[in-house]
Amino acid sequence: MTATQADAGRCESESETDAATSGGWGAVFALTLCVATLIASEFMPVSLLTPIAADLHMSEGNAGQAIAVSGIFAVVTALAIASVTRGIDRRTVLLALAVLMMASGLMVAFAPNAGVFMAGRALVGIVIGGFWSMSAATVMRLVRKEDVPRALSLLNGGNALATTVAAPLGSFLGQYIGWRGAFFAVVPLAAVTLAWLFVSLPAMPSDRKTTDGTVFRVLRRPQVALGMLAVALFFMGQFALYTYLRPFLETVTRVDVPTLSLILLVIGGAGVLGTSLIGFALRTRLYSLLIAMPLAMAGIAIALMVVGGSAVASATLLAGWGLIGTAAPVAWWMWLSTALPDDAEAGGGLMVAVVQLAIAFGATLGGSAYDAGGYRWTFAVSAATLFASAIVSILAWRRSRRT
């Protein structure tokens, strides 16, 4: 290496450090707003299916496919974006995704028919898949290494908050300004996000060497393959139970609708708290948390089978479920940044796809168990899957110690 090259390397390193210490956190806050807006957009149809179906002349079942469409496109985008955008500055890619988010809001809000509506939902899926697959790698370039857990906690806090308020907010806005107005409300938020990202994001050149091939290449590393399996089992177990909480609470715990809404709000609030707290523990206890969290949730699933008839006991246990389950993605994103520090973008794309598919499969598995043997079978399947996730996490931890 020549003296000139060495000086250039030092200057580049110093400039990246300066970015991480000065403007990096502004960009992290802008990304958090982006995440909250995205998640609100993704789940808003849940509370607006009836007016959407009536206005666009389709069944409520078909209107509900709006969420499935966004999920499918999120998976495809997550798997493809690293190779498709190879060589393009990541700042440019993120800004383009923010523009697509605005376009999606406009298409959905002014959709003249079901086709345009679904196309707008597909754009949301592209943004979700693209953003989440790049999130860990982007955060690692924006803040210092020791601040990565806190930054990831902030992103997932925005996710938790948006997930909690999306459905009730959509219902509230739909009541006063219609479903189109509710979706149009996303557009100004997307515009603010775009402007904030434009101002705060530094240049982030793409590393061509780390984006060759497909995202599946990272599975050649045994630790990564085990980690992805643990991720899949965790989300399968979580959503095998969570998807069927309402029928459990209505038929077993026998709560009325206001109490049900309050319990769901408690779960969401506990999740926001969990994402705020976990960043402090991740710095020194990453694998301990990856093992303990699914074990604790498996214990909660079993306990609900025992005390499910008590509203107070069920609400308390479910608060713990929300506290742990919503914070767990922060731990897994932190794991990704440590397991693939040189290829976090490809790993992020693969993990987004794994999580989306695991959620779908977990909900299907839980539903089959519920139809076959009631809530006890569903909760038992959830507990067994979560326990398996803990076992695989132990194997991933042992592999990481060897490597």
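All figures in this text were calculated on a predicted structure; none of them were measured in a lab.

1. Observations regarding the overall build of the protein
Piece 1. Broken down by element type, the protein carries 15 helices and zero strands.
Piece 2. Against the globule reference of 22 Å for 403 residues, the protein gives a C-alpha radius of gyration of 21 Å, in line with a compact fold.
Piece 3. Principal-axis analysis of the C-alpha atoms gives the protein an extent of 75 × 55 × 35 Å.
Piece 4. In the protein, of all internal contacts separated by at least 6 residues, the share reaching a separation of at least 24 is 84%.
Piece 5. In the structure as shown, the protein presents an accessible area of about 17300 Å², 67% of it carried by carbon and sulfur atoms.
Piece 6. Considering the protein, the positive charge centre built from 24 side chains and the negative charge centre built from 19 side chains are found 8 Å apart.

2. Looking at a nonpolar patch on the surface
Piece 1. A surface patch of nonpolar side chains, about 590 Å² in accessible area, is lined by Leu-161, Val-165, Leu-169, Phe-172, Tyr-176 and Ile-177.
Piece 2. Its place among the elements puts Val-165 in helix H7 (residues 148-184).
Piece 3. Given the relative accessible area of 34%, Val-165 is considered partly exposed.

3. Some remarks on helix H5 (residues 90-109)
Piece 1. In this model H5 runs 29 Å from its N-terminal to its C-terminal C-alpha over 20 residues, within 8% of the 28 Å that 1.5 Å per residue would give.
Piece 2. Taken residue by residue, H5 has Arg-90, Arg-91, Val-93, Leu-94, Leu-95, Leu-97, Ala-98, Met-101, Ser-104, Gly-105, Val-108 and Ala-109 as its buried positions.
Piece 3. For H5, the capping residue at the N-terminal end is Asp-89, with a side-chain oxygen 2.7 Å from the backbone nitrogen of Arg-91.

4. Some remarks on the pattern of salt bridges
Piece 1. Applying the stated criterion to the full structure yields two salt bridges.
Piece 2. Here Arg-180 ties to Asp-55 by a salt bridge, and the two come within 3.1 Å at their closest N and O atoms. Of this pair, Arg-180 sits in helix H7 while Asp-55 is found in helix H3 (residues 49-56), placing the two residues 125 residues apart along the sequence.
Piece 3. With a relative accessible area of 34%, Asp-55 lands in the partly exposed category.
Piece 4. Of the charged contacts, one joins Arg-150 and Asp-147 as a salt bridge, the two residues approaching to 3.5 Å between their closest N and O atoms.
Piece 5. When its relative accessible area of 40% is taken as the criterion, Arg-150 is described as partly exposed.

5. So, the packing of aromatic side chains
Piece 1. On inspection of all chains with the given rule, the structure shows 13 aromatic pairs.
Piece 2. Judged by centre distance (5.8 Å) and plane angle (75 degrees), the rings of Phe-110 and Phe-184 are edge-to-face. Here Phe-110, found in the loop between H5 and helix H6 (114-142), pairs with Phe-184, found in helix H7; they are 74 residues apart in sequence, far enough to count as distant.
Piece 3. Residue class for Phe-184 comes out partly exposed when judged on its relative accessible area of 37%.
Piece 4. Ring plane angle 50 degrees and centroid distance 4.9 Å describe the contact between Phe-248 and Phe-379, whose orientation is recorded as tilted. In this pair, Phe-248 is assigned in helix H10 (residues 245-253) and Phe-379 in helix H15 (residues 375-402), connecting sequence segments 131 residues apart.
Piece 5. Through a chain of ring-to-ring contacts, three or more aromatic side chains come together here, namely Phe-117, Trp-179 and Phe-183.

6. Re the confidence of the model for the protein
Piece 1. Per-residue confidence for the protein gives a mean pLDDT of 82; residues scoring 70 or more make up 90%.
Piece 2. The model gives residues 1-21 a pLDDT under 50, and that stretch makes 10 contacts with residues more than four places away or in other chains.

7. Some details on the nonpolar core
Piece 1. Of all hydrophobic cores here, the largest spans 99 residues; its most connected members are Phe-131, Trp-335 and Met-351.
Piece 2. If you tally residues by element for this core, the top one is helix H13 (residues 311-339), at 13 residues.
Piece 3. Apart from the residues lying within four places of it in its own chain, the contact partners of Trp-335 are Gln-223, Val-224, Gly-227, Met-228, Leu-286, Tyr-287, Leu-290 and Met-351.
Piece 4. Counting residues in hydrophobic clusters, the runner-up holds 20 residues, among them Met-44, Met-58, Ala-182 and Val-186.

8. Some remarks on the environment of Trp-377
Piece 1. Position of Trp-377 among the secondary structure elements: in helix H15.
Piece 2. For the pair Trp-377 and Gly-366, spaced 11 residues apart in the sequence, the C-alpha separation amounts to 8.2 Å.
Piece 3. Each residue touching Trp-377, except ones within four places of it in the same chain, is listed here: Ala-369 and Ala-372.

9. Quick word on the side chain of Ser-337
Piece 1. Tracing the sequence through the fold places Ser-337 in helix H13.
Piece 2. You can call Ser-337 buried: its relative accessible area is 8%.
Piece 3. Reaching out from Ser-337, the side chain makes a polar contact with the backbone oxygen of Met-334 at a distance of 2.7 Å.
Piece 4. Contacts of Ser-337, omitting those with residues within four sequence positions, involve Met-140 and Val-148.

10. With respect to H10
Piece 1. Those residues of H10 that sit buried are Leu-245, Phe-248, Leu-249 and Thr-253. For H10, the angular spread of the buried residues around the axis is 95 degrees, confining them to a single face.
Piece 2. Considering only its buried residues, H10 is in contact with helix H9 (222-242), helix H11 (257-282), helix H12 (286-307), H13, helix H14 (344-373) and H15.

11. A look at unusual backbone geometry
Piece 1. Not every positive phi belongs to a glycine, and His-57 is a case in point at roughly 55 degrees.
Piece 2. Residue placement: His-57 occurs in the loop between H3 and helix H4 (60-84).
Piece 3. Although it is not a glycine, Arg-254 sits at a positive phi angle of roughly 60 degrees.
Piece 4. Looking at where Arg-254 falls in the secondary structure, it is placed in the loop between H10 and H11.

About the cut-offs
- Residues numbered from 1 in each chain as written.
- Predicted model: local features only at pLDDT ≥ 70, side-chain atom pairs only at ≥ 80, totals over all residues.
- Heavy atoms only, no water.
- Helix = DSSP H or I, 4+ residues; strand = E, 2+ residues; numbered from the N terminus.
- Rg over C-alpha atoms; globule rule 2.2 N^0.38 Å.
- Contact = heavy atoms within 4.5 Å.
- Areas by Shrake-Rupley, 256 points an atom, 1.4 Å probe, with all protein chains shown as cover.
- Lys, Arg positive; Asp, Glu negative; His and termini not counted.
- Charge placed at Lys NZ, Arg CZ, Asp CG, Glu CD.
- Patch = residues over 30% accessible without salt bridge, like charges linked within 9 Å, V, L, I, M, F, W, Y side chains within 5 Å.
- Salt bridge = Lys/Arg side-chain N within 4 Å of Asp/Glu carboxyl O.
- Buried < 20%, exposed > 50% of the residue type's maximum accessible area, 1.4 Å probe, protein only.
- Expected span 1.5 Å × (residues − 1).
- Polar contact = N/O pair within 3.5 Å; in protein donor to acceptor, adjacent residues only side chain to side chain.
- Phe/Tyr/Trp six-rings, centres within 6.5 Å; stacked < 30°, edge-to-face > 60°.
- pLDDT = per-residue confidence, 0-100.
- Core = buried A, V, L, I, M, F, W, Y, C linked by side-chain atoms within 4.5 Å.
- Arc of directions from axis to C-beta.

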